[in-house]
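A closer look at the structure
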Amino acid sequence: MKTPLIGLAMFSLLATPLAAAAPSYVSEAPIAYMTDLSSGAVLFSRDADKQIPPASMAKMMTAYVAFDLIKKGELKLDQKISVSPDTWRKWNNQGSSMFLAVGSQVTVADLLDGIVTLSGNDACVVLAEGIAGSEEAFVDMMNKKAKEIGLANSRFGNSNGWPDEGVTQVTARDLAQLATATIRNHPKLYKRFYSKGSFTWNGITQPNRDPLLGKVDGADGLKTGHTEEAGYGFTGSAEQNGRRLVMVVAGLDSYNGRVNESVRFMNWGFRSWKSVPLFTKGKTVDTAPVQLGSKRELALVAPRDLALTLPRTADTDKVTMKVVYQGPLKAPIAKGQQVATLVVSAPDMDRQVMPLVAAEAVEEAGFFGRLWAGLLSFFGA
C-alpha cells in the first residue's frame, strides 16, 4: 500500500485514540475500557472518562514512580528501607498487608513484590517514605509523573489507594494509559514484578489476586482494587501472538463477578478482533524533507511493531494509509524522536493513529549549509 507524504499538522501520540466500531459486547461492568497497543485502537469504552476511586489500582502509579527512579539509577533494587514505628502502627494489618515487621530493613525489590503481588498498603507507604522522605512528598512525585505520561483526568492523594474522602480519583482511560506506559517504558521491570502467582514474606505466602493469571493465555498483569466505595475493579493486560491488549473494569459488585467479567472481556478482545501487521520495528515507512538540517531528507521508521486492528470478519482490501507530519521537518532532530504519524483508515472504522520516529539524528546546518539551503530555496530547488 502506497503511503503518500502529507504536510499536515501532526497528531499527538498522547491524544485520546479514536474508538473503533467494535463487534457487539455486553459488559457486566459499569465502567469498562479496552485498547489494542499495537494500533492504539479502542475496542470497547463505557464511561471511560468518568472519575472513580481506584482503590488498590492506584498502586500501579506508586510502582511506576519507583520503576522510573530505578531506570534512572536513582533507586536500587537491593537498597534497604526501614519500617518506621509510626508507619507500622498505622498500616499493620490495615487492609491488604505485606505484614512488614516494625524496625525491619526491607529491600526495594521486596517492597515492590509486596505492592504488586500482595497489594500491601504498608509496603506502599514504606517505599514512599524511603524514596521521598514522606508519603506527602511522594504523592507530589506521583501527580507530577501522572501528568508526564498523559493521565489527563487523574489525581492521587496517597500511595496505596486507601479511601481519602474523594481526593484520589482516576478514569478507566487513564488507568489503561498508566498500564501502557508501564509496559512500554519499563518492560524488564514489568516482566519481573507483574506476573508472579504468589509471594512469601515473613513466613506468609499470599496469592496474586490478578483474575487473568492462569485463566487467559499470555496474561501477565496488572492490578486489582477493591473498597466498599469503589466496588471491585481490575486493570489487566495479556499478549497473544505478539498482540497485546490492555483492559480496565470497575464498579463490579463481587469478587467472583470481577474474575468472570475480566476473563470474558479479555477473551472477547482476542477472539472478536484480529491484528493485521503493517510495519515491523525499525522498518522505514517513508521519508520527509528536513529544513535547515545537516541532511535534507529523513527516514521515518516504526518505533515498534505496528499493526491495524479490525473485527475478525473484516475485509482488508480497502485499507488506506497516509503519513502526516508538520513539514518540512525542522532540525535539530534526535534519533527516535516522534516526528510524524501513520494514519490508517478502513471501511466502517475510525482512523487508527500510530507514531513514526526519526531513523537518525539530524543536526542544524552550519552557516554555509544554511546559505546553500537558502539559495536552493530561492531557485526553487
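Everything below is about the structure printed above this text.
Residues numbered from 1 in each chain as written. Predicted model: local features only at pLDDT ≥ 70, side-chain atom pairs only at ≥ 80, totals over all residues. Heavy atoms only, no water.

**A look at empty space enclosed by the protein**
Tallying each qualifying case throughout the model produces 3 cavities of 30 Å³ or more. The computed volume of the largest cavity comes to approximately 50 Å³. Lining the largest cavity we find Pro 53, Pro 54, Ala 55, Gly 161, Trp 162, Pro 163, Asp 164, Glu 165, Gly 166, Thr 168, Gln 169 and Glu 229. Its residues placed into classes, the lining of the largest cavity shows 5 nonpolar, 4 polar and 3 charged. (1 Å grid on protein atoms, 1.4 Å probe; cavity = no way out; pocket = protein on both sides within 12 Å on 5 of 7 lines; lining within 4 Å. Points joined across faces, edges and corners; volume = space filled by probe spheres on them. Nonpolar A, V, L, I, M, F, W, Y, C, P; charged D, E, K, R; others polar.)

**Regarding helix H3 (residues 108–116)**
Of all 9 residues that make up H3, 8 are buried, and the element is covered over most of its length. Residues of H3 that are buried include every one of Val 108, Ala 109, Leu 111, Leu 112, Asp 113, Gly 114, Ile 115 and Val 116, and no others. (Buried < 20%, exposed > 50% of the residue type's maximum accessible area, 1.4 Å probe, protein only. Helix = DSSP H or I, 4+ residues; strand = E, 2+ residues; numbered from the N terminus.)

**Observations regarding the sheet that holds strand E9 (residues 231–240)**
Strands in a sheet are paired, the pairing made by backbone hydrogen bonds, and the direction either parallel or antiparallel. The antiparallel open sheet is built from 5 strands, whose spatial order is E3-E2-E10-E9-E8. Looking at which strands have only one partner, the edges of the open sheet turn out to be strand E3 (42–46) and strand E8 (219–227). When the angles between neighbouring strand axes are averaged without regard to direction, this sheet yields 10°. Relative to E3, strand E2 (residues 31–36) runs antiparallel, the two sharing 4 bridges. Paired with Ala 32 across the bridge in E3 is Arg 46. Packing of helix H8 (residues 255–272) onto the sheet brings it into contact with E2, E3, E8, E9 and strand E10 (243–252), and relative to E10 it is tilted by some 150°. (Pairing = 2+ DSSP bridges. Axes fitted to C-alpha atoms, helices over the stretch in contact; angles between N-to-C directions. Contact = heavy atoms within 4.5 Å.)

**Here's the deal with the nonpolar core**
Met 61, Met 98, Leu 111, Leu 112 and Leu 127 are the most contacted members of the largest nonpolar core, which totals 61 residues. Take this core: its biggest share by element is 9 residues, from helix H1 (residues 59–72). Every residue in contact with Met 98, bar those within four places of it in the chain, is listed here: Val 106, Asp 110, Leu 111, Gly 114, Leu 118, Gly 120, Asp 122, Ala 123, Phe 199, Trp 201 and Gln 206. Counting residues in hydrophobic clusters, the runner-up holds 52 residues, among them Ala 219, Ala 238, Met 247 and Val 249. (Core = buried A, V, L, I, M, F, W, Y, C linked by side-chain atoms within 4.5 Å.)

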